[in-house]
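# Coordinate analysis (summary)
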Amino acid sequence: MTILDGKRIAADIRRELKEQISRRRASAGDKQTIGNRCPKLGIVIVGHNPASETYVTNKMKACAEVGIEAERIAFEDTITQEQLLAEVQRLNNDPSFDGFIVQLPLPAHISEQTITAAIDYRKDVDGLTPENVGRAAKGLPCIISATPRGIRELLSRYHISTDGKHVVVVGRSNIVGKPMASLLMQKHETGNATVTLCHSHTTNLKQVCLTADILIVAVGHPGLITADMVAEGATVIDVGITRIEDPNSPKGYRLAGDVDFDNVAPKCAYITPVPGGVGPMTIVSLLQNTLQAYGHTL
Ligand code: NDP
């Protein structure tokens with residue numbers, strides 16, 4: 001059994017990105033960059049959700065490490081949808097930002113779909129706008145959403161082919177499950193999988209999971225996937241991150257995935273840990289997407 005070490009792979013990619021960014025800035029003839037400035041990412045955060053605060057801090061740190069300028073744009077959760085839409089328009093129109101994200105979740109009085117749809121797809125470095133999702137589904141040039149991109153990269157760096165494999169994705173959210181399934185079914189060497197997408201209405205989850213060569217789980221229910229649901233030699237990707245109160249931990253909580261790791265891991269060819277698997281790959285994909293937006297490839 002091999003642990004898919006997302007933390008190590010993400011560190012490798014950050015080193016590569018840092019070199020790439022400094023090379024691009026040094027290349028005087030590169031007309032793609034705007035002047036000789038570094039790439040710039042805006043991170044909009046609304047309210048004080050502790051998990052969101054942590055994600056934003058980690059994203060800012062990762063940007064600083066590779067040479068991307070990141071600006072945190074914070075609002076209280078009293079902001080109206082109209083005010084937030086106006087901020088999105090400001091960022092769409094400000095040429096000093098190559099890309100920006102609006103950290104989810106948003107407060108209940110703001111429609112995430114409406115806010116996401118208002119982002120210029122060329123600056124949508126989370127890859128969540130209808131334009132980018134549609135382009136991804138059609139196999140057109142686009143910005144791919146961060147978690148699916150990170151998972152694809154992790155598989156590829158461990159030379160785990162998806163070609164002809166049966167991939168079962170559990171969870172159909174717009175940010176993970178659906179774009180993951182869409183990416184892996186593409187007619188492409190990093191796709192070409194036979195994909196099954198499961199959700200809370202799937203009646204025979206265990207039987208479907210047992211047929212997976214590669215099982216990708218993004219639900220948010222710790223321990224949902226038990227050893228009797230996983231075939232010998234499967235690859236298991238655990239996207240789930242749930243905070244569980246733990247008075248013995250210095251932070252007062254620990255992070256749990258959706259997979260019963262201790263009992264599932266011995267059956268697997270490859271498995272991601274939580275933390276240290278998909279999480280760091282998601283952040284590094286955001287950096288890659290920002291660099292893509294900086295290069296104006298769309
Ligand atoms: P959502 O809550 O948006 O979606 C959860 C999905 O799981 C839904 O499609 C739901 O089905 C399905 N589901 C719920 N219960 C079951 C069940 N018993 N059996 C099968 N399917 C079920 O979640 P997200 O995709 O936003 O996040 C999922 C997890 O991944 C969370 O823990 C989140 O924190 C984590 N996450 C981690 C990231 C990372 O970088 N590692 C990035 C993003 C998320 P239905 O549609 O029918 O309701």
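See the structure shown above.
So, how was this worked out
- Residues numbered from 1 in each chain as written.
- Predicted model: local features only at pLDDT ≥ 70, side-chain atom pairs only at ≥ 80, totals over all residues.
- Heavy atoms only, no water.
- Near = heavy atom within 4 Å.
- Polar contact = N/O pair within 3.5 Å; in protein donor to acceptor, adjacent residues only side chain to side chain.
- Areas by Shrake-Rupley, 256 points an atom, 1.4 Å probe, with all protein chains shown as cover.
- Helix = DSSP H or I, 4+ residues; strand = E, 2+ residues; numbered from the N terminus.
- Pairing = 2+ DSSP bridges.
- Axes fitted to C-alpha atoms, helices over the stretch in contact; angles between N-to-C directions.
- Contact = heavy atoms within 4.5 Å.
- Phe/Tyr/Trp six-rings, centres within 6.5 Å; stacked < 30°, edge-to-face > 60°.
- Lys NZ or Arg CZ within 6 Å of the ring centre and 35° of its normal.
- Buried < 20%, exposed > 50% of the residue type's maximum accessible area, 1.4 Å probe, protein only.
- Right-handed = clockwise from strand over helix to strand, strands pointing away.
- Parallel < 35°, antiparallel > 145°, perpendicular 65-115°, else oblique.
- Core = buried A, V, L, I, M, F, W, Y, C linked by side-chain atoms within 4.5 Å.

### Describing the site of the ligand
- Around the ligand sit 22 residues in total, of which Arg 172, Ser 173, Ser 200, Ile 241 and Thr 282 are the nearest.
- A distance of 2.5 Å is found between an oxygen atom of the ligand and a side-chain nitrogen or oxygen belonging to Ser 173.
- At 2.7 Å, a side-chain N or O of Thr 282 approaches an oxygen atom of the ligand.
- Contact with the protein chains removes 71% of the 930 Å² of surface that the ligand exposes when unbound.
- Broken down by element, the shell around the ligand gets its largest block of residues, three residues, from helix H10 (residues 278-294).

### Remarks on the sheet that holds strand E4 (residues 99-102)
- Spatial strand order, E3-E2-E4: three strands in an open sheet with parallel pairing. Either end of the sheet is taken by a strand with one partner, and the two such strands are strand E3 (69-75) and E4. When strand polarity is set aside, the average angle formed by the axes of neighbouring strands in this sheet is 15 degrees.
- Judged from the four bridges that link them, strand E2 (residues 40-46) and E4 form a sheet pairing that is parallel. Residue Ile 43 lies in a different strand from E4, and its bridge partner there is Ile 101.
- This element, helix H3 (residues 81-93), spans E2, E3 and E4 of the sheet and lies at about 160 degrees to E3.

### Side note on the packing of aromatic side chains
- Under the definition given, this model contains zero aromatic pairs.
- Here the guanidinium or amino end of Lys 40 rests over the ring plane of Phe 97, the centre of that ring lying 4.3 Å away.
- Against the face of Tyr 253 rests Arg 243, its NZ or CZ located 4.1 Å from the ring centre.

### Some details on the pairing of strand E5 (residues 166-170)
- Most of E5 is tucked away, with five of its five residues classed as buried.
- The alternating pattern of E5 places His 166, Val 168 and Val 170 and Val 167 and Val 169 on opposite faces, both of which are buried.
- Where E5 lies against strand E6 (residues 194-198), five bridges are found, and the strand directions are parallel. Bridging across to E6, Val 168 finds its partner in Thr 196.
- Read as a crossover between parallel neighbours, the route from E5 over helix H7 (residues 177-184) to E6 is right-handed.

### Overview of the packing of helix H6 (residues 146-157) against H10
- Closest axis-to-axis distance for the H6/H10 pair is 7 Å, and the angle between their directions is 105 degrees. For the element pair H6 / H10, the angle class is roughly perpendicular. Where H6 approaches H10, its residues Ala 146, Thr 147, Arg 149, Gly 150, Ile 151, Glu 153 and Leu 154 are matched on the opposing element by Val 278, Met 281, Thr 282, Ser 285, Leu 286, Gln 288, Asn 289 and Gln 292.

### Details of the environment of Gly 277
- Position of Gly 277 relative to the elements: it lies in the loop between strand E11 (270-271) and H10.
- Between the alpha carbons of Gly 277 and Gln 89 there is a distance of 35 Å; along the sequence they are 188 residues apart.
- Leaving out residues up to four positions away in the same chain, Gly 277 has contacts with Leu 4, Gly 6, Leu 154 and Thr 272.

### Describing the nonpolar core
- One finds Ile 151, Ile 216, Ile 237, Val 239 and Leu 287 to be the most contacted residues of the largest nonpolar core, which totals 46 residues.
- Of all the elements, H10 adds the most residues to this core, at nine residues.
- Ignoring any residue separated from it by four or fewer positions in sequence, one finds Ile 237 in contact with Leu 4, Ile 151, Leu 155, Leu 215, Ile 216, Val 217, Thr 272 and Val 278.
- Of all hydrophobic cores here, the second largest spans 19 residues; its members include Cys 198, Ala 212, Leu 215 and Ala 265.

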